Amino acid sequence: MKHNDIRNWISSQRPRTFFWGSDVPGSIPAVESALSRMANDPASPIIRVRQGLYWVKPKATKFGFGRPDPMAAALVAAGPGSGPAGWSASQALGLSTQLPATPLIAVPGRPPKGLAGVDFVGRSNLSRCDLNQSEIAVLEVMRDFPDFTDRSKTWADAATQIHNQIVMGRVDRNRLLTCARNERNRRVRDRAQQLMEV
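Residues numbered from 1 in each chain as written. Predicted model: local features only at pLDDT ≥ 70, side-chain atom pairs only at ≥ 80, totals over all residues. Heavy atoms only, no water.

A.B. asks: Which residues make up the side chain of Ser-96, and what values do they have?
C.D. replies: With respect to the element layout, Ser-96 can be found in the loop between helix 4 (87-92) and strand 5 (104-108). Here the side chain of Ser-96 touches Gln-98 through a polar contact of 2.9 Å, landing on its backbone nitrogen. For Ser-96, the side chain forms a polar contact with the side chain of Asp-150, separated by 3.2 Å. (Helix = DSSP H or I, 4+ residues; strand = E, 2+ residues; numbered from the N terminus. Polar contact = N/O pair within 3.5 Å; in protein donor to acceptor, adjacent residues only side chain to side chain.)

Shown next as structure tokens:
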């Protein structure tokens, strides 16, 4: 694939979307070389987020192009089974209004490197790869509660929010329970079982 073909492929992508170099059709060396040159050009339509991961710039405004959201970039880089942890998880479930200075992402296995503005925590339960980000947030809240939540919140409040996520279809009850059974943290296993009995 020629440089112009790669540029045309990028132009066909929606602004503010992430893509991996491996998503671009063509030989890997040619694509990597072209993307590397483009990412180093300030007028380029892409920003290099980390090795192999790129973000399509939106149209420029009077304030410039903007930058990719660090949390969104981290979730893409971390891959399946990753999701918010700590204050980020509590905020995602409506248990805190606290905005973390640095978002925290839980990842199954070894955390990725090379991303600024985000912290990662590794989790050993690889069955988390079957869960979506909302389900990961629930596991993290079950693990850490009452830490990382507003002081006024009780476990009953947390259970209500989790139940609401299930009712809205954001969390699959059976998938969550199956994964929670494989967690090392006993509190997660116990709280998941309590939720399933409601």
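Now that the structure has been shown, the text picks up again.
A.B. asks: Can you explain the packing of helix 7 (residues 173-180) against helix 8 (residues 186-197)? Please cite residues and give values.
C.D. replies: Running from amino to carboxyl end, helix 7 crosses helix 8 at an angle of 155 degrees, the nearest separation of the two axes being 9 Å. The angle between helix 7 and helix 8 places the two elements in the roughly antiparallel class. Considering how the two elements wind past one another, helix 7 and helix 8 form a crossing that is left-handed. When helix 7 is examined against helix 8, the residues Arg-173, Leu-176, Leu-177 and Ala-180 are found in contact with a partner set consisting of Val-188, Arg-189, Ala-192, Gln-193, Leu-195 and Met-196. (Axes fitted to C-alpha atoms, helices over the stretch in contact; angles between N-to-C directions. Parallel < 35°, antiparallel > 145°, perpendicular 65-115°, else oblique. Left-handed = near helix turned anticlockwise from the far one by under 90°. Contact = heavy atoms within 4.5 Å.)

A.B. asks: Help me get a handle on the nonpolar core, residues and values and all.
C.D. replies: Counting residues in hydrophobic clusters, the biggest one holds 27 residues, and the most contacted among them are Leu-93, Val-138, Leu-139, Met-142, Trp-155, Ile-162 and Leu-176. Where this core is concerned, the elements lending two or more residues are helix 5 (133-144), helix 6 (155-167), helix 7 and helix 8. Top contributing element to this core by residue count: helix 5, with six residues. Excluding residues within four positions of it along the chain, Trp-155 makes contact with Met-142, Phe-145, Ile-162, Arg-191 and Gln-194. One finds Leu-53, Leu-75, Ile-105 and Val-118 within the second-largest nonpolar core, a separate group that totals 14 residues. (Core = buried A, V, L, I, M, F, W, Y, C linked by side-chain atoms within 4.5 Å. Buried < 20%, exposed > 50% of the residue type's maximum accessible area, 1.4 Å probe, protein only.)

A.B. asks: For the pattern of salt bridges, give the residues involved together with the corresponding values.
C.D. replies: All chains considered together, the criterion is met by five salt bridges. With a shortest N-O distance of 2.6 Å, Glu-135 and Arg-175 are connected by a salt bridge. Placement of the pair is Glu-135 in helix 5 and Arg-175 in helix 7, with a sequence separation of 40 residues. The salt bridge partner of Asp-190 is Arg-186, with a shortest N-O separation of 3.3 Å. Here Asp-190 and its partner Arg-186 are both found in helix 8, four residues apart, which amounts to about one turn of the helix. You can call Asp-190 partly exposed: its relative accessible area is 35%. Sharing partners across several salt bridges, the network here consists of Arg-123, Arg-128, Glu-140 and Glu-183. (Salt bridge = Lys/Arg side-chain N within 4 Å of Asp/Glu carboxyl O.)

A.B. asks: Break down the packing of aromatic side chains for me, citing the residues and quoting the values.
C.D. replies: One pass over the structure, following the stated rule, counts four aromatic pairs. Between the aromatic rings of Phe-19 and Tyr-54, the centroid separation amounts to 5.6 Å while the plane-to-plane angle is 25 degrees, which identifies the pairing as stacked. Of this pair, Phe-19 sits in strand 1 (residues 18-20) while Tyr-54 sits in strand 3 (residues 53-56), and the two are 35 residues apart along the sequence. Both residues of the pair, Phe-19 and Tyr-54, count as buried. With centroids separated by 5.8 Å and ring planes inclined at 85 degrees, the aromatic side chains of Trp-87 and Phe-148 adopt a geometry described as edge-to-face. One end of the pair, Trp-87, is in helix 4; the other, Phe-148, is in the loop between helix 5 and helix 6, with 61 residues separating them in the sequence. The exposure class of Trp-87 is partly exposed, given its relative accessible area of 28%. (Phe/Tyr/Trp six-rings, centres within 6.5 Å; stacked < 30°, edge-to-face > 60°.)

A.B. asks: Tell me about the sheet that holds strand 1, and name the residues and values.
C.D. replies: The strand order across the open sheet built from three strands is 1-3-2, with neighbouring strands paired in antiparallel fashion. The open sheet has two edge strands, strand 1 and strand 2 (46-50), and neither has a second partner. Within the sheet, the average angular offset between the axes of one strand and its neighbour, ignoring direction, is 35 degrees. Bridge count between strand 2 and strand 3: four bridges; the pairing is antiparallel. Bridge pairing links Ile-46 to Val-56 in strand 3. Of the strands in this sheet, strand 1, strand 2 and strand 3 are in contact with helix 2 (residues 28-39), which crosses strand 2 at around 105 degrees. Packing of helix 3 (residues 70-78) onto the sheet brings it into contact with strand 1, strand 2 and strand 3, and relative to strand 1 it is tilted by some 30 degrees. (Pairing = 2+ DSSP bridges.)

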